[in-house]
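Each chain is listed here by its residues.
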Amino acid sequence: MEKAPPFTSLLSKVIPTLILLLIFVYPGGIPVASAQKKKTLAPELAGGTAWLNVSRPLTLSDLKGKMVLLDFWTYCCINCMHIIPDLKKLEAKYPNELVVIGVHAAKFTNERETENIRQAILRYELEHPVVVDSNLAIWQAYGVRAWPTLVLIDQEGYIIGSDTGEGHYEILDKIIG
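Predicted model, so just to flag it, every value in this text is computed and none were measured.

(A) Representation of the nonpolar core. Formed by 21 residues in total, the largest nonpolar core has its most connected members in Leu-45, Leu-70, Phe-72, Ile-101, Tyr-142 and Ile-153. Elements with a contribution of two residues or more to this core: strand 2 (67–73), strand 3 (98–104), helix 6 (137–141) and strand 5 (149–153). If you look at the next biggest cluster of nonpolar residues, it comprises 14 residues, including Ala-50, Tyr-75, Tyr-124 and Leu-126.

Put into structure tokens, the structure is as follows:
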């Protein structure tokens with residue numbers, strides 16, 4: 001019987017060890033590892049300079065018992081405009097279970113003016129509450145990095161998940177339903 005060269009013997013021990021390390025240590029790896037993460041309490045909606053489409057500022061504690069979908073948007077963003085029909089469909093389908101809140105986080109200086117945002121809300125026929133985040137306080141509290149970003153918060157005030165861009169209606173519908 002022929003002996004295996006030492007290099008092959010070493011590889012047969014190292015490869016399984018590397019695989020185990022990748023499975024249990026690599027942060028972007030296996031979904032099982034992410035299921036063990038602690039729940040993250042959603043930051044309060046503090047720092048907005050104005051609230052539109054509501055009579056008073058909202059707090060997440062006011063909304064306990066309902067799911068909250070935060071839509072970080074700006075009115076000059078075409079992708080932000082593209083998700084408006086999805087938001088309206090979700091609002092219509094889940095009027096008692098879901099509250100959509102627009103968080104208007106301006107990219108350009110003129111987008112920080114409340115009257116310009118009010119006009120955009122009328123133009124896009126938005127009926128949900130909108131908080132004006134001119135100083136990006138809420139944006140920063142949630143670690144947002146792109147427009148649009150959606151953040152879904154459960155009935156107890158914990159973040160379920162977030163994503164950027166368009167095309168999230170189906171997954172949101174399944175989670176909320």
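(B) Structural context of the pairing of strand 3. Among the seven residues in strand 3, seven count as buried, and that is most of the element. Neither face of strand 3 is exposed, since Leu-98, Val-100, Gly-102 and His-104 on one face and Val-99, Ile-101 and Val-103 on the opposite face are all buried. Bridge count for strand 2 against strand 3 is seven bridges, and the pairing is parallel. Opposite Leu-69, over in strand 3, you have Val-100 as the bridge partner. Sheet topology places strand 3 next to strand 4 (residues 130–132); three bridges connect them, and they run parallel. Its bridge partner being in strand 4, His-104 is matched across the sheet by Val-132. Each parallel crossover has a hand, and the one from strand 3 via helix 5 (residues 114–124) to strand 4 is right-handed.

(C) Molecular detail of a nonpolar patch on the surface. A cluster of nonpolar residues, Ile-160, Ile-171 and Ile-175, forms a patch on the protein surface that exposes about 250 Å² of accessible area. Counting through the fold element by element, Ile-160 comes out in strand 6 (residues 159–164).

(D) View of the packing of aromatic side chains. On inspection of all chains with the given rule, the structure shows four aromatic pairs. For the pair Trp-73 and Tyr-124, a centre-to-centre distance of 6.5 Å together with 65 degrees between the ring planes defines the contact as edge-to-face. With Trp-73 in strand 2 and Tyr-124 in helix 5, this residue pair connects regions lying 51 residues apart in the sequence. Both rings, one in Trp-139 and one in Trp-147, keep their centres 4.7 Å apart while their planes meet at 35 degrees; by these two values the pair is tilted.

Rules of the game
- Residues numbered from 1 in each chain as written.
- Predicted model: local features only at pLDDT ≥ 70, side-chain atom pairs only at ≥ 80, totals over all residues.
- Heavy atoms only, no water.
- Core = buried A, V, L, I, M, F, W, Y, C linked by side-chain atoms within 4.5 Å.
- Buried < 20%, exposed > 50% of the residue type's maximum accessible area, 1.4 Å probe, protein only.
- Helix = DSSP H or I, 4+ residues; strand = E, 2+ residues; numbered from the N terminus.
- Pairing = 2+ DSSP bridges.
- Right-handed = clockwise from strand over helix to strand, strands pointing away.
- Patch = residues over 30% accessible without salt bridge, like charges linked within 9 Å, V, L, I, M, F, W, Y side chains within 5 Å.
- Areas by Shrake-Rupley, 256 points an atom, 1.4 Å probe, with all protein chains shown as cover.
- Salt bridge = Lys/Arg side-chain N within 4 Å of Asp/Glu carboxyl O.
- Phe/Tyr/Trp six-rings, centres within 6.5 Å; stacked < 30°, edge-to-face > 60°.

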